[in-house]
Amino acid sequence: MRLLSLLLTVSLTLALAYYIYIPLPDAIQQPWKLMILDAYLRTAFHVASLKQWLGFDHHTRSFRQFTFGFEGILKEFLSTESSAGAVPGVKVSDISFAGIPVRVYEPPAGGEGHLRRGLMYFHGGGWALGTTKKGPYDITNRMVSDELNTVVVSVEYRLYPDVHFPVPYLDCLAAAKHFLSPEVLAKYSIDPDRVAVAGDSAGGNLAAAVAQEISVDDSMSVKFSVQALIYPVLQALDFNTPSYLQNQYIPVLYRTSMIQFWLQYLNIDLSLMPEFLVNNHSALQHSSLTPELRSRLDWNVLLTQKYKKNYKPVIVEKGSEGFLKKVPGLLDVRAVPLLAGPEVLAKCPRAYILTCEHDVLRDDGLMYVRRLQDAGVAVTSDHYEDGFHGCFSLTSWPLEFDVGKKALRGYLSWLQNNL
């Protein structure tokens, strides 16, 4: 009986280790911590999918609940009620800007007698997950408000499956225009020459798109002075860039996961994922995808050899017939900021773009760095060789990564010096 119990224990331990273990690059520090986080997320996704199959709820809503529950378990360490998250004196208000829910963080220094910085933040999560009111986003925005004497406005834009593109973008744009109005800036004692827009991942996509639109809108008397993009997702036409292939199995954002986020956002049938994996959706036969547009995301030109390595472009002659006409969002700069023309980019604000070596979105960010620079925009490219997608938000114990703390400190330092 004891032998049977021992064999069972050993078998379960080995099975658990097999489930958790995934090979990671040597450059990634604290690999087992990342593996355990990834195992939890994979398990949550499978359970959420099962709940949808059983007819209980949409898998995305269920997955959200699992992530919120995980944050609840770690509340002592990650929530604003913990010593790690609490920032004494920061005033937090949940209100709305132009009908869009936002959370406003006002620094303890107040605005009496002097003007303060302003920053609007769009959270990540594939346009489907995330919230401004819990966990890392709340902690980071409190930190920015306190350390940089900044009024931070974090936007709770609507998410999939309730909405698709362009609704999240329009929510963010409406909130941004309200924030930049002279009346609102005066109300919060914000210097109109020191207002930033920032976001990570899908939030970086929204921040880049909103910054572009505001920069060319002549009706706006106040515009963003800087933009800070944290591993932004910027294009959906080439899922075979070097970083997509190199990092396709690196957590916490797999190549197939990012494609699924795009399909959901643009309201495309998920069964078409195989077409996107091989770039059939951007085949040469599509006349609407002109050579000029292709050049705006040609990584073979925009990336240096260090990042191109030995990868070759995947160019399809004939793919899905009429696909781009059926899904115009694939060529809409409001969804795909990397496709913006040089005349638009030239008007964009100074930029900080953070990229991670072990992230499928690395090349999206690096290509945008090059395109902005070519358009004459001053850009700070902050690349982390030991970074992975999501590390920026993993800065509090027990989900504390050294590279995450470095990335967060780099972001804060840049804002301190440039905003």
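All values reported here derive from a predicted model rather than from experimental measurement.

What counts, and at which threshold
Residues numbered from 1 in each chain as written. Predicted model: local features only at pLDDT ≥ 70, side-chain atom pairs only at ≥ 80, totals over all residues. Heavy atoms only, no water. 1 Å grid on protein atoms, 1.4 Å probe; cavity = no way out; pocket = protein on both sides within 12 Å on 5 of 7 lines; lining within 4 Å. Points joined across faces, edges and corners; volume = space filled by probe spheres on them. Helix = DSSP H or I, 4+ residues; strand = E, 2+ residues; numbered from the N terminus. Nonpolar A, V, L, I, M, F, W, Y, C, P; charged D, E, K, R; others polar. Pairing = 2+ DSSP bridges. Axes fitted to C-alpha atoms, helices over the stretch in contact; angles between N-to-C directions. Contact = heavy atoms within 4.5 Å. UniProt positions renumbered as here; feature names shortened; annotations may be inferred. Buried < 20%, exposed > 50% of the residue type's maximum accessible area, 1.4 Å probe, protein only. Polar contact = N/O pair within 3.5 Å; in protein donor to acceptor, adjacent residues only side chain to side chain. Right-handed = clockwise from strand over helix to strand, strands pointing away. Patch = residues over 30% accessible without salt bridge, like charges linked within 9 Å, V, L, I, M, F, W, Y side chains within 5 Å. Areas by Shrake-Rupley, 256 points an atom, 1.4 Å probe, with all protein chains shown as cover. Salt bridge = Lys/Arg side-chain N within 4 Å of Asp/Glu carboxyl O. Left-handed = near helix turned anticlockwise from the far one by under 90°. Parallel < 35°, antiparallel > 145°, perpendicular 65-115°, else oblique. Phe/Tyr/Trp six-rings, centres within 6.5 Å; stacked < 30°, edge-to-face > 60°. Lys NZ or Arg CZ within 6 Å of the ring centre and 35° of its normal.

Quick look at empty space enclosed by the protein now. In total, this model carries one cavity of 30 Å³ or more according to the counting rule given. One number sums up the size of the largest cavity: a volume of about 40 Å³. Lining the largest cavity, in full, are Ile28, Gln29, Gln30, Asp386, Phe388, Asp402 and Val403. Counting residues per element, the ones that place at least two in the lining of the largest cavity are strand E8 (379-388) and helix H18 (402-418). For the lining of the largest cavity, the per-class residue count stands at three nonpolar, two polar and two charged.

Turning our eyes to something else, we now look at the sheet that holds strand E3 (residues 116-122). Pairing between the strands of a sheet is mediated by backbone hydrogen bonds and can be parallel or antiparallel. In spatial order, the strands read E1-E2-E4-E3-E5-E6-E7-E8; together these eight strands make up an open sheet with mixed pairing. What marks the edges here is a single partner per strand, and that holds for strand E1 (91-97) and E8. Going from strand to strand, the sheet's axes swing by 20° on average, the running direction of each strand aside. The pairing of E1 with strand E2 (residues 100-106) spans seven bridges and is classified as antiparallel. The residue of E2 that forms the bridge with Phe97 is Ile100. Sheet strands in contact with H18 are E3, strand E5 (190-200), strand E6 (226-230), strand E7 (350-358) and E8, and its direction is about 170° off that of E8.

On to the UniProt feature "active site" (unreviewed entry) in the protein, then. Taken from the UniProt record, the annotation "active site" (unreviewed entry) applies to Ser201, Asp359 and His389. Taking the farthest pair of C-alpha atoms as the criterion, the annotated set spanning 189 residues converges on one region, since that pair is 10.6 Å apart. For the largest pocket, the lining residues drawn from the annotated set are Ser201 and His389. Within the secondary structure, Asp359 sits in the loop between E7 and helix H17 (362-374). In contact with Asp359, other than residues within four places in its own chain, are Tyr231, Ser243, Asn247, Leu253 and His389. Of note, His389 is situated in the loop between E8 and strand E9 (395-396). Exposure remark for His389: the relative accessible area of 7% places this residue in the buried category. Excluding residues within four positions of it along the chain, His389 makes contact with Ser201, Tyr231, Val252, Leu253, His358, Asp359 and Leu361. A polar contact is formed between the side chain of His389 and the side chain of Ser201, at a distance of 3.0 Å.

Burial analysis of E6 places five of its five residues in the buried class, the great majority of the element. Here E6 shows two buried faces, one formed by Val226, Ala228 and Ile230 and the other by Gln227 and Leu229. Alignment of E5 against E6, held across five bridges, turns out to be parallel. Each bridged residue has a counterpart across the sheet, and for Ala198 the counterpart in E6 is Ala228. Considered for its hand, the β-α-β crossover made up of E5, helix H8 (residues 202-215) and E6 is right-handed.

Let us now look at the layout of surface pockets. Space inside the largest pocket adds up to approximately 1300 Å³. Together, 47 residues line the largest pocket, and Leu41, Phe63, Thr67, Leu129 and Val252 are the ones closest to its centre. Of all the elements in the fold, those that place two or more residues in the lining of the largest pocket are helix H2 (31-53), helix H3 (59-73), helix H5 (135-147), helix H10 (255-265) and E9.

Before going further, it helps to examine a nonpolar patch on the surface. A contiguous nonpolar patch, built from Leu50, Trp53, Leu54 and Phe56 and spanning about 540 Å² of accessible area, is present on the exposed surface. Along the chain, Phe56 falls in the loop between H2 and H3. On the basis of relative accessibility, which here comes to 61%, the residue Phe56 falls in the exposed class.

This paragraph deals with the environment of Ala27. Its place among the elements puts Ala27 in the loop between helix H1 (2-20) and H2. Residue class for Ala27 comes out partly exposed when judged on its relative accessible area of 33%. For the pair formed by Ala27 and Ile100, sequence separation is 73 residues and the distance between their alpha carbons is 41 Å. Not counting residues within four places of it along the chain, the set of residues in contact with Ala27 comprises His358, Glu385 and Asp386.

The next thing to look at is the packing of H5 against H18. With their axes 11 Å apart at the nearest point, H5 and H18 run at an angle of 35° to one another. In this structure, the crossing between H5 and H18 has a hand that is right-handed. Here H5 contributes Thr140, Met143, Val144 and Glu147 to the contact with H18, which in turn contributes Leu408, Arg409, Tyr411, Leu412 and Gln416.

Here the focus is the UniProt feature "domain: Alpha/beta hydrolase fold-3" (unreviewed entry) in the protein. UniProt records the feature "domain: Alpha/beta hydrolase fold-3" (unreviewed entry) at residues 119-272 and 329-392, using the numbering of this structure. Taken as a whole, residues 119-272 contains 40% helix and 17% strand, while its terminal C-alpha atoms sit 38 Å from one another. Taken end to end, residues 329-392 is 27% helix and 30% strand, and its two terminal C-alpha atoms sit 28 Å from one another.

In this section: the packing of helix H6 (residues 167-179) against H8. It is the contact of H6 with H8, at a shortest axis distance of 10 Å, that shows an interaxial angle of 55°. If you check the angle between H6 and H8, you find them oblique. For H6 against H8, the interelement crossing comes out right-handed. Along its contact with H6, which presents Pro168, Tyr169, Cys172, Leu173, Ala176 and Lys177, the element H8 presents Leu206, Ala209, Val210, Glu213 and Ile214. For the contact of H6 with H8, the per-class residue count stands at nine nonpolar, no polar and two charged.

Attention shifts here to the packing of aromatic side chains. For the structure on display, the rule yields 13 aromatic pairs. With a centroid separation of 5.3 Å and an interplanar angle of 75°, the aromatic rings of Phe276 and Phe323 are classed as edge-to-face. Remark: Phe323 occurs in helix H15 (residues 323-326) and Phe276 occurs in helix H11 (residues 273-277); sequence separation between them is 47 residues. Both residues of the pair, Phe276 and Phe323, count as buried. Between Tyr352 and Trp414, the ring centres sit 5.4 Å apart and the planes meet at 35°, which makes this aromatic pair tilted. With a gap of 62 residues between them, Tyr352 in strand E7 and Trp414 in helix H18 connect regions that are remote in the sequence. In terms of burial, Tyr352 and Trp414 fall into one category: buried. Counting every residue linked through ring pairs, the aromatic cluster contains Trp127, Phe165, Trp262 and Tyr265. Lys33 extends its terminal NZ or CZ atom over the ring of Phe401, reaching a point 5.6 Å from the ring centre.

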